[in-house]
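Topology and contacts: notes
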Amino acid sequence: MSSILLIFFLVSHGIVRQNHMAMALNDSVSANALTLDSVRDSLVRQEDTIIFALIERTRFPINSPAYNHSYAKFPGYSGSLVQFVVRETEALLAKAGKFTNPEEHPFFPTDLPPSEAPPYNYTKVLHPAAASININKSIWKMYFDELLALFATPGDDGNYASTAASDLVCLQALSRRIHYGKFVAEVKFRESPREYEPAIRSQDRDALMKLLTVESVEEMVKKRVAKKAMVFGQEVTLDNNNAKKGKYKVDPSVVSRLYAEWVMPLTKLVQVEYLLRRLD
Ligand SMILES: O=C(O)C(=O)C[C@]1(C(=O)O)C=C[C@@H](O)C=C1
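Below is a short write-up of the structure. (Residues numbered from 1 in each chain as written. Predicted model: local features only at pLDDT ≥ 70, side-chain atom pairs only at ≥ 80, totals over all residues. Heavy atoms only, no water.)

The subject of this paragraph is the packing of aromatic side chains. Enumeration according to the criterion identifies 11 aromatic pairs in this entry. Relative to Phe-144, the ring of Tyr-143 lies with its centre 4.9 Å away and its plane at 90 degrees, an arrangement referred to as edge-to-face. For the pair formed by Tyr-143 and Phe-144, the shared burial category is buried. Put simply, the rings of Tyr-67, Phe-107, Phe-108, Trp-140, Tyr-143 and Phe-144 touch in pairs and so form one group of aromatic residues. (Phe/Tyr/Trp six-rings, centres within 6.5 Å; stacked < 30°, edge-to-face > 60°. Buried < 20%, exposed > 50% of the residue type's maximum accessible area, 1.4 Å probe, protein only.)

Pasting the structure below:
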């Protein structure tokens, strides 16, 4: 029963998000309305999603059996509980049409079932080569090998399935944000094709990285996400005297570091990968 509830939660969650992002495509990333401001607005909004997802994950301690390959045997699987939850959920959401949206990228793309939903005509914004770019392997590694230990408290409360469901929400939010680099790169290319074309023709990664980097924006992003972590993660009480000042559900410096060391560098990597293929 509980696994049915879990799947139901994940499905409804995925579908709600998909509708939200489909709106984003229609509203802010329609082919003509594509501007650097509109894609940056989406990145700013996605910060909220990521920070709330991290806050939700902090409801559980680290719960390491969820990541231990020998914890449980699920039929047909040799991996961990979290792999089982992510694979099974992605298979279900694939049938419901999730991955027909160019903003969505599966963590386990091999053997995904086809969509059984009626096709939706997403605005075609990206170069077709975008479909070949999926860096979720690096995002998975970063999340489990580096990030998790920085914000989840030590301990074990037995809630492994819910923990895995929370991890999935974090992973999806991070993946969507990082792969949004495709849209950022497309808008940058459209705004100054003459600047980008020589570096694309010579397949010069370093030159592309230099062209697309805006350090002042990165500084702003790092400060803003730390501030959001303070605002979203504070203890809210009606009694001012009881407010636990300076105690946040997720450490603002960890969120800032997440963006500085992983989210922005990986978004830039996606941008470079996309631009390298932009003239194919
Ligand atoms: O806003 C941009 O111009 C982006 O390319 C996005 C982004 C980011 O990931 O937030 C990445 C590279 C830039 O150096 C600044 C910010």
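Taken together, 13 residues form the shell around the ligand, and within it Arg-40, Arg-177, Lys-188, Val-214 and Glu-218 come nearest. One of the side-chain N or O atoms of Lys-188 is found 2.7 Å from an oxygen atom in the ligand. Contact distances for the ligand include 2.8 Å between an oxygen atom and a backbone N or O atom of Val-214. With the chains in place, 99% of the 360 Å² that the ligand exposes on its own is no longer accessible. Of all the elements in the fold, those that place two or more residues in the shell around the ligand are α6 (181–191), α9 (215–232) and α10 (252–276). In terms of residues, the shell around the ligand owes the most to one element, α10, which gives 4 residues. Of the residues that constitute the shell around the ligand, the class distribution is 5 nonpolar, 3 polar and 5 charged. (Near = heavy atom within 4 Å. Polar contact = N/O pair within 3.5 Å; in protein donor to acceptor, adjacent residues only side chain to side chain. Areas by Shrake-Rupley, 256 points an atom, 1.4 Å probe, with all protein chains shown as cover. Helix = DSSP H or I, 4+ residues; strand = E, 2+ residues; numbered from the N terminus. Nonpolar A, V, L, I, M, F, W, Y, C, P; charged D, E, K, R; others polar.)

Here Arg-59 shows up in the loop between α2 (36–57) and α3 (81–95). Between the C-alpha atom of Arg-59 and that of Ala-173, which follows or precedes it by 114 residues, the distance is 18 Å.

On to the pattern of salt bridges, then. This structure, assessed with the given rule, holds 17 salt bridges. The salt bridge partner of Arg-190 is Glu-186, with a shortest N-O separation of 2.6 Å. Remark: Glu-186 and Arg-190 occur in helix α6; sequence separation between them is 4 residues, near one turn of the helix. Among the ionic pairs, Arg-201 bridges to Glu-197, the shortest N-O distance being 3.8 Å. A residue pair is termed a helical-turn pair when its members lie 3 or 4 positions apart in one helix, as Arg-201 and Glu-197 do in helix α7 (residues 193–201) at 4 residues. With a relative accessible area of 60%, Arg-201 lands in the exposed category. Several salt bridges share partner residues, and in doing so they unite Arg-45, Glu-47, Asp-48, Arg-224 and Lys-228 into one network. (Salt bridge = Lys/Arg side-chain N within 4 Å of Asp/Glu carboxyl O.)

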